Amino acid sequence: MFRVRPATRSDHDHVRDLICRLQAEPCHHIGFHSDTPAEVADELASLHFPATTFVAVDDTDHIRGVLTVDVDRST
């Protein structure tokens, strides 16, 4: 069982690496995330990481999943 918690600044590299690894697998590919570490880092920055990110962690606090949120406040 995993626990979900808000991401912290220290999670950044782990989140970036997890997204990059999963993007390489077609069944996990998410259209709005890029493929390279630099592009994913840029996207996380544009989403105001860590404010809009949650992570699923195991008992040792190892990140096993990630959820990013993009909110359009103009509507």
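In what follows, the structure referred to is the one given above.
Computed from a prediction, not measured in an experiment: that's the story for all the values here.

S.K.: Please clarify how helix H2 (residues 37–46) should be interpreted in this entry.
M.R.: Note: α-helices contain 3.6 residues per turn, so residues at a spacing of three or four share the same orientation. Those residues of H2 that sit buried are Val40, Ala41, Glu43 and Leu44. Along the long axis of H2, the arc covered by the buried residues comes to 160°, so they all point the same way. Exposed residues lying more than 90 degrees from the buried face of H2 are Ala38, Asp42, Ala45 and Ser46. Looking at the buried side of H2, the elements it contacts are helix H1 (12–23) and strand E3 (63–68). Within two residues after H2, His48 carries a phi angle of roughly 60°, on the positive side.

S.K.: Please explain a nonpolar patch on the surface as it appears in this structure.
M.R.: Nonpolar side chains collect at one region of the surface, where Val4, Phe54, Leu67, Val69 and Val71 lie side by side and expose about 430 Å² of accessible area between them. Examined against the element boundaries, Val71 turns out to sit in the segment after E3.

How each quantity is defined
- Residues numbered from 1 in each chain as written.
- Predicted model: local features only at pLDDT ≥ 70, side-chain atom pairs only at ≥ 80, totals over all residues.
- Heavy atoms only, no water.
- Buried < 20%, exposed > 50% of the residue type's maximum accessible area, 1.4 Å probe, protein only.
- Helix = DSSP H or I, 4+ residues; strand = E, 2+ residues; numbered from the N terminus.
- Arc of directions from axis to C-beta.
- Contact = heavy atoms within 4.5 Å.
- Patch = residues over 30% accessible without salt bridge, like charges linked within 9 Å, V, L, I, M, F, W, Y side chains within 5 Å.
- Areas by Shrake-Rupley, 256 points an atom, 1.4 Å probe, with all protein chains shown as cover.
- Salt bridge = Lys/Arg side-chain N within 4 Å of Asp/Glu carboxyl O.

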